[in-house]
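# Observations on chain architecture
Below are the chains, spelled out letter by letter.
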Amino acid sequence: MTVSISSPGRKTHRTAEEIGRTEVGPRPLPELGSQKAAADLSTVDTVLPNGLRVIAIKRATVPMVEVRLRVPFADPATSSEGSAHSAQAEILANTVLTGTATRSRVQIDTELALVGGELDSVVDPERLSFTGNALATGLGTVLDVLRDVLTSAAYPADELERERARLVERITLARSQPNVIAREALQKKLYGDHPYAKEMPEADEVAAVTRDEVVALHAKALLPRGSVFVIVGDVEPAEAVAQVGEALGAWQGEGEAVQLPPLPAVEGGDVLLVHRAGAVQSQIRLAAQAIPRTDERYPALQLANLVYGGFFSSRLVENIREDKGYTYSARSHPEFTIHGATLLIDADTASDVTAAALLETRYELARLGMVPPSESEVDVARRYAIGTLLTSTSSQGGLASFVVNLVALGLGIDWLVAHPQRLQAVTPEQVAAAALEFFAPGNFTGVLVGDAEQLKPKLAALGGVSFQ
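Being a predicted model, the structure only gives us computed values, none of them experimental.

Definitions and cut-offs
Residues numbered from 1 in each chain as written. Predicted model: local features only at pLDDT ≥ 70, side-chain atom pairs only at ≥ 80, totals over all residues. Heavy atoms only, no water. Helix = DSSP H or I, 4+ residues; strand = E, 2+ residues; numbered from the N terminus. Buried < 20%, exposed > 50% of the residue type's maximum accessible area, 1.4 Å probe, protein only. Polar contact = N/O pair within 3.5 Å; in protein donor to acceptor, adjacent residues only side chain to side chain. Contact = heavy atoms within 4.5 Å. UniProt positions renumbered as here; feature names shortened; annotations may be inferred. Salt bridge = Lys/Arg side-chain N within 4 Å of Asp/Glu carboxyl O. Axes fitted to C-alpha atoms, helices over the stretch in contact; angles between N-to-C directions. Parallel < 35°, antiparallel > 145°, perpendicular 65-115°, else oblique. Left-handed = near helix turned anticlockwise from the far one by under 90°. Pairing = 2+ DSSP bridges. Core = buried A, V, L, I, M, F, W, Y, C linked by side-chain atoms within 4.5 Å. Arc of directions from axis to C-beta.

With respect to the helices and strands, the residue His-194 is situated in the loop between α6 (178-191) and α7 (203-207). Residue class for His-194 comes out buried when judged on its relative accessible area of 8%. Separated by 3.2 Å, the side chain of His-194 and the backbone oxygen of Pro-261 make a polar contact. Ignoring anything within four residues of it in the chain, the contact list for His-194 reads Ser-80, Leu-260, Pro-261, Pro-262, Leu-263 and Pro-264.

Take a look at the structure:
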């Protein structure tokens, strides 16, 4: 073995700054390569006799498969007031994989582990989702376990009792967190008693759920018709669809899975101050009506949002984080449901600068319309939008999750393939028009959570804030 010994005082490496420069100045950065979505995806999209839609996509990057099952699981009641659906759905999602008529929880976990796989379930006001993966050779095992869960979940009493107690504890803890308080206050202000506003049940509602209620909900609401199953991986799509059909064809049920009812439109207005005694930090949450991905104006709105607050180099972040130091984290982003979309703005600030941060947030909203994004800003946002889209869908799991969400919005793989070209075609003038239409300060309403005793004097002087 040869050992190299440097002379004392002699530099053994160059700094990044030195590497980036030549004798005549900085090294020029290479041009970014063209960004293209994968257009050669082999897919099969069909509906099984039981009503389940199946989409299989071949992506043989690794010898794995990713599966996603999306079941519309909305509350059939038109109001969340007095409804136990949310609590029952949470218990169901947390216990549906704890045993079946033929498998215990340990057997389910063991069979999946033997094929390098896992399976999980979560629920929200819109849907019940199953997420899983495995080695490609283990697809049959994953599908058989899923079939067993869908058709004969046992909800063992001891497992249900244990998971119910854990859920009560988690909900109680979550409700003390500022972000949860702010989210619940915003949903309540925007949507009132609409079922979508109830993202988390009350702890006492969960504690009152019985096994019989969960079993009944499974039979009534966990239905194949209206649901979507997506599989992405090292598979031949036609063969994968045949496997899914053979395994999940036994999943039957009367009627169709319940879709979320339309949300009321978001109307601009005052921000509501929600008192949180003793808080040293405030949560600013603003919202406005937006448009779905199917609207021809959406690509321009997407770029306008990025310029405003959608990524680190945005105007909002530059202002209240980098320049003034009011917050560590600020962002704007769209949120989609099957019927539409909203624009959301989030920022957490210290109490003594909350009013100033809200002022600057509104100022940047107005400035986006009055001082339209420059060609350079639009180009940076465009590259970011295309790059993040391609990055997020480059893996099997990312593609599977993106596609199952697209399908719920009435879109498909063709939309994904064509979207980079739509973004490339957006002009600065179209972005300016979207900024003027959707980012007007008067379009927004929202909530502000913090200590009212500290915040009220400055917020009252600022205006546009109502107090409980």
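What follows continues from the structure just given.
This chain's UniProt record puts "domain: Peptidase M16 C-terminal" (unreviewed entry) on residues 209-383. Span residues 209-383 is 41% helix and 22% strand, its end C-alpha atoms 49 Å apart.

Below, the discussion takes up the pattern of salt bridges. Under the defined criterion, the tally for this structure stands at 29 salt bridges. Asp-45 serves as the salt-bridge partner of Arg-53, at 2.6 Å between the closest nitrogen and oxygen. Accessibility expressed as a relative area gives 44% for Asp-45, which makes it partly exposed. In this structure, the salt-bridge partner of Glu-163 is Arg-166, at a minimum N-O distance of 3.0 Å. Taken together, the residues Glu-163 and Arg-166, both in helix α5 (residues 157-174) and 3 residues apart, mark about one turn of the helix. What makes Arg-166 partly exposed here is its relative accessible area of 40%. Connected through shared salt-bridge partners, Arg-103, Glu-111, Asp-144, Arg-147 and Asp-148 make up one network.

Another point: the packing of helix α2 (residues 85-95) against α5. It is at 10 Å that the axes of α2 and α5 come closest, and there the two elements cross at 120 degrees. When the axis of α2 is compared with that of α5, the two are oblique. In terms of crossing hand, the pair formed by α2 and α5 is right-handed. Contacts from Glu-90, Ile-91, Asn-94 and Thr-95 of α2 reach α5 at Glu-159, Leu-160, Glu-163, Arg-164, Leu-167 and Arg-170.

Further remarks concern the side chain of Arg-315. The topology assignment puts Arg-315 in helix α11 (residues 315-323). Leaving out residues up to four positions away in the same chain, Arg-315 has contacts with Val-307, Tyr-308, Glu-364, Arg-367, Leu-368, Val-371, Pro-372, Pro-373 and Glu-377.

Glancing now at unusual backbone geometry. Phi angles above zero are rare outside glycine, and Tyr-155 is one such case at about 45 degrees. Residue position: Tyr-155 is located in the loop between α4 (139-152) and α5. Overall, Tyr-155 belongs to the buried group, its relative accessible area being 1%.

Right, let's get into the sheet that holds strand β14 (residues 465-467). Taken together, the 6 strands give an open sheet; going across it, the order is β11-β12-β10-β13-β9-β14, and neighbouring strands pair in mixed fashion. This sheet does not close on itself; its edge strands, each paired only once, are β11 (330-337) and β14. Geometrically, the sheet is characterised by an average inter-axis angle of 25 degrees between neighbouring strands, direction not taken into account. Summarising the sheet, strand β10 (residues 281-289) and strand β12 (residues 340-350) pair through 9 bridges and their orientation is antiparallel. The partner of Ala-287 across the bridge, within β12, is Leu-344. Across the sheet, α11 lies against β11 and β12, angled at about 140 degrees from β11, the strand it touches most.

We now examine the environment of Arg-162. Mapped onto the elements, Arg-162 comes out in helix α5. Its relative accessible area of 35% is what places Arg-162 among the partly exposed residues. Along the sequence, Arg-162 and Gln-421 sit 259 residues apart, while their C-alpha atoms lie 51 Å from each other. Here the side chain of Arg-162 touches Glu-159 through a polar contact of 3.2 Å, side chain to side chain.

With 68 residues, the main nonpolar core has Leu-303 and Phe-439 as its most contacted residues. With 8 residues, helix α10 (residues 298-310) is the largest single contributor of residues to this core. Once you skip the residues sitting within four places of it in the chain, Phe-439 turns out to touch Leu-301, Ala-304, Asn-305, Tyr-308, Leu-343, Leu-365, Leu-368, Ala-434 and Phe-444. Counting residues in each nonpolar core, the second largest holds 53 residues, with Leu-48, Val-65, Phe-73 and Leu-92 among its members.

What follows covers the sheet that holds strand β7 (residues 127-135). Taken together, 6 strands build an open sheet; the order of strands is β3-β4-β8-β5-β7-β6 and the sheet is mixed. With one partner strand each, in any of the chains shown, β3 (42-47) and β6 (118-123) form the two edges of the open sheet. The average undirected angle you get between the axes of adjacent strands in this sheet is 10 degrees. Across 6 bridges, β6 lies against β7 in antiparallel orientation. Within β7, the residue paired with Ser-121 across the bridge is Phe-130.

For helix α16 (residues 428-438), every residue scored as buried is listed here: Val-431, Ala-432, Ala-434, Ala-435 and Phe-438. Buried residues of α16 fall within an arc of 160 degrees about the axis and therefore sit on the same side. Where α16 is buried, its residues touch β10, α10, β12, α12 (354-370) and α13 (375-392).

Right, let's talk about the environment of Ala-440 for a bit. Considering the arrangement of structural elements, one finds Ala-440 in the loop between α16 and β13 (445-450). The class of Ala-440 is partly exposed, set by a relative accessible area of 26%.

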